[in-house]
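Take a look at the letters that make up each chain.
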Amino acid sequence: MTDIGVRGVPRALRREAARIGAATPADRDRAVDALRAFAVLGVVLGHWLVTALVADGPALRTASPLQHMPWLAPISWLFQTLAVFFLVGGHVATRGYASARARGVPYHRWLTGRLTRLFKPVLAVLGLWTVAASALLLSGAEFGTVRTLVKLALSPLWFLVVFAALTAATPLLARLNPLWPLAVVLHVDLLRFGLGGPSWLGWVNVAAGWMVPFTLGAAWTRGELERRRAGWVLLVGGAAATAGLVLWAGYPASMVGVPGEGLSNLDPPTLAVVTFGLAQCGLALLLRARLRQAMRGPVAWAAVALVNLSAMTVFLWHQTALMATTATGLLAGRLPGLHTRPDGLDWVGARLLWLPVFALALAVCWAAFRSFERGGGRGRGSKVVREHRPAGSGTAAKARHV
């Protein structure tokens, strides 16, 4: 008799899922972890779908299907989920800091703990790619190809720098109204696009733009976003503003950068991507109750807990998994959806078939490097990532978090 339980899930996995569920505090806000998992996986899938490494003779160059098929821009609306990550990050940071203060933990120790957990997995990525880039150059690989690979592999690090800076500023941002950084983004774009100001002004939005969802997370902690009306205002208002900016103000429809385009919504952030993030945050807030209900299922909750335990590993290594698959595939020649030009629906269909292979390569990276995120402790994988309390429970978050 096969060892398969109901709904096709192996009994051993169901038992492990039940164990994780039983070990989770009943008052934990599982919606927080579900939103974080959604945000991380959205970024991963988005990169895998819109990043192509085209074989051009002995060299590899980056391309995007959005270059050749701009009508696929809605794909970027689904998978550009960084605003949700910053929303959750602001909520978790402000709750964690309040809890640390209540327990008498000084700011520097709280911050050191958070930044250590954030950047420790980075050491493995930097170490491996330093060795890999040196080996490629010594073996005669074209410098442009090596530069392309390293740039893609290390591109997630910009996000960590911004996230770390906002985390360090948590005591200052804990009560900041999100309208203030939103006003900064508005005026920066008005100066550089409307009044012909210098383009470098856009880099002010790297901090101000992502500060908007981060401070929304702080407002969530303060209990100011509990009413469904707040979520609807953000969703409808953000969506309407984004549509207006795209249709009448000349902002790109894609919410990710597209090679060859003169203007990117993401590099640096524009007002359009910030208002789009407001809509995403509104939807996330509206979905909290349903997510809490969905996370009562032991299998769904175990999957979300696993993603959260390895969130930084998955985020940091997903581009390496893509490139490892691409480089290995070159041994068999130019493969459709992997090395070919992304200029038609046949490429899209082929790329979808490669996604499980990318996931398998990422699983190998996860198995090899997860200890950098978990600290190497035995049995840590079954522990809860963070103990959240829904707003209004009257209890502070416990100390353990990532």
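As the structure is a computational prediction, the values presented were derived from the model and not from experiment. (Residues numbered from 1 in each chain as written. Predicted model: local features only at pLDDT ≥ 70, side-chain atom pairs only at ≥ 80, totals over all residues. Heavy atoms only, no water.)

## Concerning the packing of aromatic side chains
Aromatic rings considered in pairs are described by the distance between their centres and by the relative angle of their planes. So the rule is basically this: Two aromatic rings, drawn from Phe, Tyr or Trp (for Trp, its six-membered ring), form a pair once their centres lie within 6.5 Å of each other, and the interplanar angle then sorts them: stacked below 30 degrees, edge-to-face above 60, tilted otherwise. Under the DSSP-based scheme used, a helix requires at least four consecutive residues in state H or I and a strand at least two consecutive residues in state E, with every element numbered from the N terminus. Buried residues are those whose accessible area, probed at 1.4 Å on protein chains only, stays under 20% of the maximum for their type, while exposed residues exceed 50% and partly exposed ones sit between those limits.
On inspection of all chains with the given rule, the structure shows 17 aromatic pairs. Look at Phe85 and Phe159: their rings are 5.1 Å apart centre to centre, the planes differ by 80°, and that puts the pair in the edge-to-face class. Here Phe159 lies in helix α8 (residues 157-168) and Phe85 lies in helix α5 (residues 82-102), a separation of 74 residues in the sequence. Classification of Phe85 as buried rests on a relative accessible area of 13%. Relative accessible area serves as the criterion here: at 2%, Phe159 is assigned to the buried category. Feature note: the residues Phe85, Phe86, Trp158, Phe159, Phe163, Trp210, Phe214 and Phe315 constitute an aromatic cluster, connected by ring pairs.

## Concerning the side chain of Ser64
The cut-off we apply is this: What qualifies as a polar contact is a pair of N or O atoms within 3.5 Å, subject to a donor-acceptor requirement within protein and to the restriction that residues adjacent in sequence count only when both atoms come from side chains.
The residue Ser64 is located in the loop between β2 (59-63) and α3 (65-68) in this model. Taking the relative accessible area as the measure of exposure, Ser64 reaches 2% and is therefore buried. Separated by 3.2 Å, the side chain of Ser64 and the backbone oxygen of Val50 make a polar contact. Among the polar contacts listed, one links the side chain of Ser64 to the backbone nitrogen of Leu66, at a separation of 3.1 Å.

## A closer look at helix α11 (residues 204-221)
Inclusion rule: Take the number of residues in a helix, subtract one, and multiply by 1.5 Å to get its expected span. The quantity called bend is, for any residue, the angle between two axes fitted respectively to the seven residues ending at it and the seven beginning at it.
For α11, built from 18 residues, the straight-helix expectation of 26 Å at 1.5 Å per residue is met to within 8% by its first-to-last C-alpha distance of 26 Å. If you look at α11, its biggest bend is around 35°, right at Val212, and the proline Pro213 turns up within four residues after that. With 15 of 18 residues buried, α11 is to be regarded as a mostly interior element. Where α11 terminates, the next one or two residues include Gly223, which has phi positive at roughly 85°.

## A closer look at unusual backbone geometry
For the peptide bond that leads from Asp267 to Pro268, omega is 0°, which places it in the cis range. You can see Pro268 is positioned in the loop between α12 (228-248) and α13 (271-286).

## Looking at the pairing of strand β1 (residues 52-56)
Keep this limit in mind: Two strands are said to pair when DSSP picks up at least two bridges between them.
Across the five residues of β1, four count as buried, placing the element largely inside the fold. Two strands pair when backbone bridges link them, and β1 and β2 are joined in this way by five bridges, in the antiparallel orientation. Looking across to β2, one finds that Ala52 is bridged to Ala63.

## Observations concerning the environment of Asp33
One can find Asp33 in helix α2 (residues 30-50). Among the residues examined, Asp33 registers a relative accessible area of 0% and is labelled buried. Sequence-wise, Asp33 and Asn308 are 275 residues apart; in three dimensions their C-alpha atoms are separated by 6.6 Å.

## Considering the confidence of the model for the protein
Atom-level detail of predicted coordinates should not be read off regions where pLDDT is low. This is how the line gets drawn: Values of pLDDT, the confidence the predictor places in each residue, fall between 0 and 100. Residue contacts are counted whenever heavy atoms from the two residues lie within 4.5 Å of one another.
A residue-level look at the protein finds 88% of positions with pLDDT of 70 or above and a mean pLDDT of 87. Model confidence for the protein, summarised as mean pLDDT per element, is weakest for helix α1 (residues 11-23) at 69 and strongest for α13 at 98. When the criterion is pLDDT under 50, residues 1-6 qualifies, and its contacts beyond four places in sequence or with other chains add up to eleven contacts. Segment residues 376-387 is flagged for pLDDT under 50; beyond a separation of four residues in sequence, or across chains, it makes 39 contacts in the model.

## Structural notes on α2
The end-to-end C-alpha distance of α2 is 30 Å, a good match for the 30 Å that 21 residues give at a rise of 1.5 Å each. Burial runs high along α2: 17 of the 21 residues are buried.

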